[in-house]
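# Per-entry structural report
Now for the letters of each chain:
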Amino acid sequence: MMQLFGWDDMVTPQLVSRYLSHLIANRTLTEALKGIGNAAYQALSIRTWSRCVLQMYVDQPVSGTIRTDTEQALILSEQLTELTRLIFKLPEIENLFVKAQIEPASYKQDPKSALLQFFQIVGIVYSGLETLSEKSAMGLSIISRQSQVQASYVKQQLKTIIEQYFGRFLPSAPQAPTAGSHPILLALCDSVQSPHTAILRKTVMQVINENHLQFKGQAPPPRLASVLSFIVDVFQRSKTIEVADAEFLLPAILKCMI
């Protein structure tokens, strides 16, 4: 129901702003979502909110405000203002402001200013990450969330990005788990398990199987030991083995052992 009426890109801003404003304010519902591991509801709601605000300004001048010259526009303006207030209370948004060490501005009055400030905060947090691995783990986390609700094109792009990062940061020989962290490993072990982490893990395992565990004749895949070491690190750090892990990896790994 959240997907159909709150997060789908085809739903009009008028419906989304009203629907999400009721649901996000319902603490019982949000606690239930977190309880079943659906912490990604925050990211999906933030993405949908930003989409609605942007759609309001497609035909507006740069310095314009939301049109309120009609009753319908006035209602939408009020709904977006309320949704903005609730979005900025989400833990993910609050954590971004804490990391950026910035106080929220007058977001209660102007959704457009709030959206601009949100983009600014994301940029500050990203630029403040110290290592390339941390930054890579953050582009991966965001894109994996987008792929849950987007077309196959976005999912294919996610696979392409994973392949680029996986091969670039994979050492030529296995390393101790404490000897640095692969950016994809950081993204897979991102705090608690959530839908975006699950789909990222499934896609990573699919990429590994297709590109790094297939024999060419009798020759083993390049850097096979490092690939297997990476898989072990994922299992050990996440302390779980998913059904998709066996589906994508078990046949290929058994062939490697033979």
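These lines cover the structure that appears in this document, whether it is placed above or below. Computed from a predicted model, the values in this text were never measured in an experiment. (Residues numbered from 1 in each chain as written. Predicted model: local features only at pLDDT ≥ 70, side-chain atom pairs only at ≥ 80, totals over all residues. Heavy atoms only, no water.)

## As for helix H12 (residues 224-238)
The test is simple: Secondary structure elements follow DSSP: runs of H or I no shorter than four residues count as helices, runs of E no shorter than two count as strands, and numbering proceeds from the N terminus. A helix is expected to span 1.5 Å for every residue after the first. Here's how the labels work: a residue is buried when its accessible area is under 20% of the maximum for its type, exposed when over 50%, partly exposed in between, all with a 1.4 Å probe on protein chains only.
With 15 residues, H12 extends 21 Å between its outermost C-alpha atoms, agreeing within 8% with the 21 Å of an ideal straight helix rising 1.5 Å per residue. Inspection of H12 places Leu224, Ser226, Val227, Ser229, Phe230, Ile231, Asp233, Val234 and Ser238 among the buried residues, and these make up the whole buried set. Two residues or fewer after H12 comes lysine 239, characterised by a positive phi angle close to 60°.

## Here's the deal with the packing of aromatic side chains
Stated precisely, the cut-off is as follows: By convention, a stacked pair of Phe, Tyr or Trp rings (six-membered ring in the case of Trp) has centres within 6.5 Å and planes under 30 degrees apart, an edge-to-face pair has planes over 60 apart, and any other such pair is tilted.
A full pass over the atoms with the stated rule returns six aromatic pairs. The interplanar angle of 50° and the centroid separation of 5.9 Å between the aromatic rings of phenylalanine 118 and phenylalanine 119 together place this pair among those described as tilted. Exposure remark for phenylalanine 118: the relative accessible area of 11% places this residue in the buried category. Note on tyrosine 165 and phenylalanine 169: the rings are 6.1 Å apart at their centroids and 25° apart in plane angle, and the pair reads as stacked. Note that tyrosine 165 and phenylalanine 169 are positioned in helix H9 (residues 152-169) at a spacing of four residues, about one turn of the helix. With relative accessibility at 25%, the residue tyrosine 165 sits in the partly exposed group.

## A look at the environment of proline 13
So the rule is basically this: Every residue pair with non-hydrogen atoms within 4.5 Å of one another is taken to be in contact.
The topology assignment puts proline 13 in helix H2 (residues 13-24). What makes proline 13 buried here is its relative accessible area of 11%. Expressed as a C-alpha distance, the spacing of proline 13 and glutamine 79, which sit 66 residues apart in the sequence, is 9.3 Å. The contact partners of proline 13, leaving out residues within four places of it in the chain, are Arg51, Cys52, Gln55 and Leu76.

## A short note on the side chain of threonine 84
Our working definition: Counting of polar contacts relies on pairs of N or O atoms within 3.5 Å, with two restrictions inside protein: one atom must be capable of donating a hydrogen and the other of accepting it, and residues adjacent in sequence are counted only when both atoms are side-chain atoms.
On the secondary structure map, threonine 84 appears in helix H5 (residues 71-87). Side chain to side chain, threonine 84 and tryptophan 49 meet in a polar contact 2.9 Å long.

## Structural notes on unusual backbone geometry
For arginine 223, which is not a glycine, the phi torsion comes out positive at approximately 55°. Considering the arrangement of structural elements, one finds arginine 223 in the loop between helix H11 (195-212) and H12.

## Regarding a nonpolar patch on the surface
The following threshold applies: The patches reported here contain residues having more than 30% relative accessible area and no salt bridge. Joining distances are 9 Å for like charges and 5 Å for nonpolar side chains (Val, Leu, Ile, Met, Phe, Trp, Tyr). Using a 1.4 Å probe, accessible areas were evaluated by the Shrake-Rupley method; residue-level cover was limited to the displayed protein chains. Salt bridge, as applied in this entry: a Lys or Arg side-chain nitrogen positioned within 4 Å of an Asp or Glu carboxyl oxygen.
Together, Met1, Leu4, Phe5 and Leu15 make up an exposed nonpolar region whose accessible area comes to about 410 Å². For leucine 15, the location among the structural elements is in helix H2.

## Some words on the pattern of salt bridges
Tallying each qualifying case throughout the model produces five salt bridges. With its nearest N and O atoms 3.5 Å apart, the salt bridge here joins glutamate 210 to lysine 159. Of this pair, glutamate 210 sits in helix H11 while lysine 159 sits in helix H9, and the two are 51 residues apart along the sequence. Salt bridges sharing partners connect three or more residues here, namely Asp9, Arg47 and Arg51.

## A few points about the packing of H2 against helix H4 (residues 41-56)
Heads up, the rule is: Between N-to-C directions, angles cover 0 to 180 degrees, with each direction set by a line fitted to C-alpha atoms, over the stretch in contact for helices. We call a crossing left-handed when the near helix sits turned anticlockwise from the far one by less than a right angle, and right-handed when that turn is clockwise. Amino acids outside the nonpolar list (Ala, Val, Leu, Ile, Met, Phe, Trp, Tyr, Cys, Pro) and the charged list (Asp, Glu, Lys, Arg) are all regarded as polar, and Gly is one of them.
One way to put it is that H2 packs onto H4 with a least axis distance of 10 Å and a crossing angle of 145°. Here the hand of the crossing between H2 and H4 comes out left-handed. Where H2 approaches H4, its residues Pro13, Val16, Leu20 and Ile24 are matched on the opposing element by Ser45, Thr48, Arg51, Cys52 and Gln55. For the contact of H2 with H4, the per-class residue count stands at five nonpolar, three polar and one charged.

## A short note on the environment of isoleucine 208
Relative to the helices and strands, isoleucine 208 is located in helix H11. Here the alpha-carbon distance between isoleucine 208 and phenylalanine 166, two residues 42 residues apart in the chain, equals 8.5 Å. If we ignore the near neighbours within four places in the chain, the residues touching isoleucine 208 are Phe166, Leu213, Val227, Phe230, Ile231 and Leu249.

## What about helix H7 (residues 111-128)?
Taking 1.5 Å as the rise per residue, H7 with 18 residues should run 26 Å; its terminal C-alpha atoms sit 26 Å apart, in good agreement. For H7, the set of buried residues is Pro111, Lys112, Ala114, Leu115, Gln117, Phe118, Ile121 and Val125. At the N-terminal boundary of H7, the capping side chain belongs to aspartate 110, with an oxygen 3.1 Å from the backbone nitrogen of lysine 112.

## Observations regarding the nonpolar core
Filter applied, for reference: Take the buried residues of types Ala, Val, Leu, Ile, Met, Phe, Trp, Tyr and Cys, join any two whose side-chain atoms come within 4.5 Å, and each joined set is a nonpolar core.
Judged by nonpolar contacts, the single largest core of 31 residues is most densely connected at Trp49, Ile87, Phe88, Ile93 and Phe118. Of all the secondary structure elements, the ones that give two or more residues to this core are helix H1 (2-7), H2, H4, H5, helix H6 (91-100) and H7. In terms of residue count, the dominant contributor to this core is H4 (seven residues). Not counting the four nearest positions on each side in its chain, isoleucine 93 is found in contact with Ile46, Ile87, Phe88 and Phe118. Core analysis: the next-biggest nonpolar cluster, separate from the first, contains 24 residues, Leu224, Val227, Val234 and Leu249 among them.

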